[in-house]
Amino acid sequence: YRYHKLNPMRDYCRRQVHLLFSALLVTSTSSLDTTCPNTATTMPQYRSVKRVMLKPYKHWVGDGFNVYPVFADLAFKDDLSPLLMFDYAEPKEFGSKLGQPRGVGQHPHRGFETVTIAFQGEVEHRDNKGNKGVIGPGDVQWMTAGRGIVHEEYHSPKFTKEGGTFEMCQLWVNLPKKDKMTKPRYQAILNEQIPSVPLPLGAPEEEQLGQVRLIAGDFADTKGRAKTYSPVNMWDVILPNAGAEVEIPYPSDHNCIVFVRRGGVEIMSGEEGKGKTSKLGPQDVALMHLDGSDSIKVRVERPDTSILIMGGEPLNEPIAAQGPFVMNTFDEIRKAMGDYRAGKF
């Protein structure tokens, strides 16, 4: 038996050698080399949960969006970087209405991006840069505020007139310091433009356990539709089969948040998923440890479960946030307020 002096597994290997000599009376040292464990072939290690945040209380944003502030007290904290804030409006029935649509009137932003996903109903966007559009079920609106924008968001005229079920979410994504004063940009991403990847990867249709709609980020060899200023992941994951255990590859150096839109999951951690487990129900969220693991494993608790997996590469930059502005210092926040009042947006 031979080993390299810098091999950290040498003590383990020595014990195995002694046991084999005693039990098998093996005299050939060459056959014993195979008893040393190879760290490259260890069992899968799944990312663990750092904190579970249960469904918070709802509040109204304007008169059109009754939302859960999902990130609660972690909003605008480094733990979530590059994400900042997340609001989710669960399915709600709105009656038909004559007159003005429901929503939020003109307001400014600087220093970050807003991402709106429409699951049911329609949202109309307008801004002072000439961008406007309506997104419907499955569509995404990705707006870069950059150096400054003034916009408004309402139920669409059609939805206002007809009424129906409304469900949406909005995520705020931070911009790196070097890009905070970039030119504003608007991306309208339609449902049919968003690529979908099966789970498990490469599985034939009859063996698939779910689908990942890739709004942003890379998944296997597929790239999400949205253009981002730093690596950001936004994955809309559909898991139809209760009892299924699904492994989802995820970048090991990215922050990760798992949000349950509907249904329920149990997150399985540790080697082969045999570590601590955490159950999540509708509107619960799990902040995952940044522990070097490159996979997430979930057990689907209810049929037709839908989760959002979000995160990205941490920016590791100071966060100064006040109202509709997110910069790196509060001097920059005061400058943003002054520029807005002076009509420079």
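Residues numbered from 1 in each chain as written. Predicted model: local features only at pLDDT ≥ 70, side-chain atom pairs only at ≥ 80, totals over all residues. Heavy atoms only, no water.

## Some words on the sheet that holds strand E9 (residues 132-135)
Argument step 1. Strand order in the open sheet formed by 4 strands is E6-E11-E8-E9, with antiparallel pairing between adjacent strands. Every other strand in the sheet has two partners, leaving strand E6 (103-109) and E9 as the edge strands with one partner each. For this sheet the average axis-to-axis angle between neighbouring strands, irrespective of direction, equals 15 degrees. (Pairing = 2+ DSSP bridges. Helix = DSSP H or I, 4+ residues; strand = E, 2+ residues; numbered from the N terminus. Axes fitted to C-alpha atoms, helices over the stretch in contact; angles between N-to-C directions.)

## Looking at the side chain of His151
Argument step 1. Relative to the elements of secondary structure, His151 occurs in strand E11 (residues 149-155).
Argument step 2. The exposure class assigned to His151 is buried, which follows from its relative accessible area of 1%.
Argument step 3. Only 3.3 Å separates the side chain of His151 from the side chain of His109, close enough to count as a polar contact.
Argument step 4. Here the side chain of His151 touches His125 through a polar contact of 3.5 Å, side chain to side chain.
Argument step 5. Not counting residues up to four positions away in its chain, the partners in contact with His151 are Gly105, Gln106, His107, His109, His125, Arg126, Asp127 and Met143. (Buried < 20%, exposed > 50% of the residue type's maximum accessible area, 1.4 Å probe, protein only. Polar contact = N/O pair within 3.5 Å; in protein donor to acceptor, adjacent residues only side chain to side chain. Contact = heavy atoms within 4.5 Å.)

## Looking at the nonpolar core
Argument step 1. Phe71, Phe86, Leu171 and Met310 are the most contacted members of the largest nonpolar core, which has 31 residues in total.
Argument step 2. Beyond its immediate sequence surroundings of up to four residues, Phe71 is in contact with Met53, Leu80, Leu83, Leu84, Met85, Phe86, Leu171, Ile257 and Met310.
Argument step 3. If you look at the next biggest cluster of nonpolar residues, it comprises 26 residues, including Val212, Phe219, Val246 and Ile248. (Core = buried A, V, L, I, M, F, W, Y, C linked by side-chain atoms within 4.5 Å.)

## Topic: the pairing of strand E18 (residues 232-239)
Argument step 1. Counting buried positions over the 8 residues of E18 gives 7, a clear majority of the element.
Argument step 2. Here strand E15 (residues 210-216) runs beside E18; their pairing, made up of 5 bridges, is antiparallel. Opposite Leu214, over in E18, you have Trp235 as the bridge partner.
Argument step 3. Here E18 runs beside strand E26 (residues 305-312); their pairing, made up of 8 bridges, is antiparallel. Residue pairing in the sheet places Ile238 in a bridge with Ser306 of E26.

## Comments concerning the sheet that holds strand E7 (residues 112-120)
Argument step 1. On the basis of which strands lie adjacent, the open sheet formed by 7 strands has the order E3-E4-E5-E12-E7-E10-E13 and antiparallel pairing. Strands with a single pairing partner mark the edges of an open sheet, and in this sheet they are strand E3 (59-61) and strand E13 (185-189). Each neighbouring strand pair of the sheet contributes to a mean axis angle of 25 degrees, computed without reference to strand direction.
Argument step 2. Sheet topology places strand E4 (residues 65-69) next to strand E5 (residues 83-94); 2 bridges connect them, and they run antiparallel. The partner of Pro69 across the bridge, within E5, is Asp87.

## Re the environment of Lys97
Argument step 1. Secondary-structure assignment places Lys97 in the loop between E5 and E6.
Argument step 2. C-alpha separation for the pair Lys97 and Pro157, spaced 60 residues apart in sequence, amounts to 9.6 Å.
Argument step 3. In this structure Lys97 touches Asp63, Arg102, Thr160 and Lys161, once residues within four positions along its chain are discounted.
Argument step 4. Engagement of the side chain of Lys97 in a polar contact is seen with the backbone oxygen of Gln100, the distance being 3.1 Å.

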